[in-house]
Amino acid sequence: MRQASAPSGDSGASPRATAPAGAIGIVGRSSSHFTRVTRIFAAELRVEHDFEVVPDLTATDAAAFGGNPALRLPVLRTPDGPWFGAINICRELWRRSAQRPAVAWPEDLDRPLAANAQELVLQAMSTEVALIMGGLAGGGPTARQTKLRTSLLGSLAWLEANAPQALALQPPGRALGTLEVTLYCLLEHLEFREVLPLAPYPRLRGLRDEFGARPSAAATAYRFDR
Ligand SMILES: N[C@@H](CCC(=O)N[C@@H](CS)C(=O)NCC(=O)O)C(=O)O
């Protein structure tokens, strides 16, 4: 079993000084699960940052999304330039953390059950985005939306059966892992956005409640920004 690791290529590098407030900013929304992953990492790693709300998700210029040409959030604004994508951002937050605690990254999940759990969680998060954004268009469910919902239900059934064992396969001695953080953000978001109730998934509800007891989770509760 591998130990929780540094982001690839950064082992042994000296920690960057913790950035003063205002020097870096998470560009996102309080209602966004990918954004919440980065906010939980920032809180757990004690990296000071600003939180900059994207007011309009339907905007079509990159500037509205912190410079991300894919028109996605979150983005981490830094003096070195923007970082796109939640996992990229978490790695950069780790590099900026003074403590640099052991983190289990996706590449540390070296058993199929754990690696597949991470893949299904990230895919379910993207599927949920597609369902929500598709729903904004109005009208009845399309064949595509029906497939997306079936995909989500299949992934949740798999996670209900396998997530506890997958989490147990994370490297020992870690302070935090991308699998547990992304799973928590997904589960909370499914009910927050009323995409699926968690009532049929008692083991997943237990995992959600367990991670939800962390101060970093309490400090980043989902809400709709005005
Ligand atoms: N691969 C990206 C995905 C980010 C993503 O899909 N974010 C959603 C919000 S949670 C978004 O930007 N949605 C805008 C849209 O779909 O137009 C990441 O890991 O951060």
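Residues numbered from 1 in each chain as written. Predicted model: local features only at pLDDT ≥ 70, side-chain atom pairs only at ≥ 80, totals over all residues. Heavy atoms only, no water.

As annotated in an unreviewed UniProt entry, the chain carries the name GST N-terminal domain-containing protein and comes from Luteimonas endophytica.

Observations regarding the side chain of Asn 68
Spelled out, the test is: For the purposes of this entry, the term helix denotes a DSSP run of H or I that reaches at least four residues, the term strand denotes a run of E that reaches at least two, and both are numbered from the N terminus. Burial status follows relative accessibility: with a 1.4 Å probe on protein chains alone, a residue under 20% of its type maximum counts as buried, one over 50% as exposed, and anything between as partly exposed. Contacts were defined at the residue level, with two residues in contact if any of their heavy atoms lie within 4.5 Å.
Locating Asn 68 in the fold gives a position in the loop between β2 (50-53) and β3 (75-77). Its relative accessible area of 6% is what places Asn 68 among the buried residues. Residues contacting Asn 68, with those up to four places away along its chain left out, are Ala 62, Val 75 and Phe 84.

What about the site of the ligand?
Stated precisely, the cut-off is as follows: By convention in this text, a residue qualifies as near a molecule or strand provided that one of its non-hydrogen atoms is within 4 Å of it. Polar contacts here mean pairs of N or O atoms no more than 3.5 Å apart (in protein, one a potential hydrogen donor and the other a potential acceptor; neighbouring residues in sequence count only if both atoms are side-chain atoms). Only the protein chains shown count as covering a residue, and every accessible area follows the Shrake-Rupley method with a 1.4 Å probe. Cavity and pocket criteria rest on a 1 Å grid covering protein atoms alone: a 1.4 Å probe that fits but cannot get out defines a cavity, protein on both sides within 12 Å along at least 5 of 7 lines defines an open pocket, and an atom within 4 Å of a point defines a lining residue. A cavity or pocket is said to hold a molecule if more than half of that molecule's atoms lie within 2 Å of its grid points. The residue classification treats Ala, Val, Leu, Ile, Met, Phe, Trp, Tyr, Cys and Pro as nonpolar and Asp, Glu, Lys and Arg as charged. All others, Gly included, are polar.
What surrounds the ligand is the set Ser 32, His 33, Phe 34, Arg 72, Leu 73, Pro 74, Gly 85, Ala 86, Val 129 and Met 133. Between the ligand and the protein, one listed contact pairs a nitrogen atom with a backbone N or O atom of Leu 73 at 2.7 Å. One nitrogen or oxygen atom from the main chain of Ala 86 is found 2.9 Å from an oxygen atom belonging to the ligand. When the ligand is considered free in solution it has 520 Å² of accessible area, and contact with the protein chains removes 79% of it. Among the detected pockets, the ligand sits in the largest pocket. For the shell around the ligand, the secondary structure elements donating two or more residues are α1 (33-44) and α3 (112-136). By residue class, the composition of the shell around the ligand is six nonpolar, three polar and one charged.

Observations concerning the sheet that holds β3
As a general point, the strands of a sheet are linked pairwise by backbone hydrogen bonds and lie either parallel or antiparallel. Inclusion rule: What makes two strands pair is DSSP finding at least two bridges between them. All axes here are fitted lines through C-alpha atoms, helices being fitted over the stretch that makes contact, and every angle between N-to-C directions spans 0 to 180 degrees.
Read across the open sheet, the four strands follow the order β2-β1-β3-β4; overall the sheet is mixed. With partners counted over all chains shown, the strands left at the sheet margins are β2 and β4 (83-84), one partner each. Bridge analysis of strand β1 (residues 25-28) against β2 gives four bridges, and the strand direction is parallel. Bridge assignment links Val 27 to a residue of β2, and that residue is Glu 52. Across the sheet, α1 is in contact with β1 and β2; its angle to β1 comes to roughly 160°.

Side note on helix α4 (residues 143-168)
Definition in use: What a helix should span is 1.5 Å times the count of its residues minus one. What is called the bend at a residue is the angle between a pair of axes, fitted to the seven residues leading up to and ending at it and to the seven starting from it.
In this model, α4 (26 residues) spans 37 Å end to end at C-alpha, consistent with the 38 Å of a helix rising 1.5 Å per residue. A bend of about 60° at Asn 162 is the largest found in α4, and the proline Pro 164 appears one to four places after it. If you check which residues of α4 are buried, you get Gln 145, Leu 148, Leu 152, Ser 155, Leu 156, Leu 159, Glu 160, Asn 162, Ala 163, Ala 166 and Leu 167.

Considerations on the packing of aromatic side chains
We apply this condition: Only Phe, Tyr and Trp rings take part, Trp by its six-membered ring, and two of them pair if their centres are within 6.5 Å. Stacked means planes under 30 degrees apart, edge-to-face means over 60, and tilted covers everything else. Two conditions define a charge located above a ring, namely a distance within 6 Å from the ring centre to NZ of Lys or CZ of Arg, and an angle within 35 degrees of the ring normal.
Under the criterion given, the structure shown has four aromatic pairs. Ring plane angle 25° and centroid distance 5.7 Å describe the contact between Phe 41 and Trp 105, whose orientation is recorded as stacked. Linking Phe 41 in helix α1 with Trp 105 in the loop between β5 (103-104) and α3, this pair joins segments that are 64 residues apart in sequence. For the pair shown, Phe 41 and Trp 105 are each scored as buried. Summarising the aromatic geometry, the rings of Phe 192 and Tyr 222 are spaced 5.2 Å apart at their centres and angled 20° between planes, so their arrangement reads as stacked. With Phe 192 in helix α5 (residues 178-192) and Tyr 222 in the segment after α7 (215-218), this pair connects stretches of sequence that are 30 residues apart. Owing to a relative accessible area of 25%, Phe 192 belongs among the partly exposed residues under this scheme. The class of Tyr 222 is buried, set by a relative accessible area of 10%. What links up through ring pairs into an aromatic cluster is the set Phe 192, Tyr 222 and Phe 224. Geometry around Tyr 222 places Arg 36 over its ring, the cationic atom sitting 4.5 Å from the centre. It is Arg 39 that lies over the ring of Phe 51; its NZ or CZ is 3.8 Å from the centre.

A word on the layout of surface pockets
By rolling a water-sized probe across the atoms, one finds the places where empty space is left. Formally: Grid points are joined across faces, edges and corners, and a volume is the space filled by probe spheres set on the points.
Taken as a whole, the largest pocket holds about 670 Å³ of empty space. If you go around the largest pocket, you meet 28 residues; those closest to its centre are Ser 32, Phe 34, Arg 72, Leu 73 and Val 129. Among the secondary structure elements, those contributing two or more residues to the lining of the largest pocket are α1, α2 (86-96) and α3. Counted as a void, the second largest pocket has a volume near 250 Å³. Considering the residues around the second largest pocket, the lining is formed by 14 residues, among which Leu 131, Ile 132, Gly 135, Gln 145 and Arg 149 are closest to the centre. Within the lining of the second largest pocket, the residues separate by chemical class into four nonpolar, seven polar and three charged.

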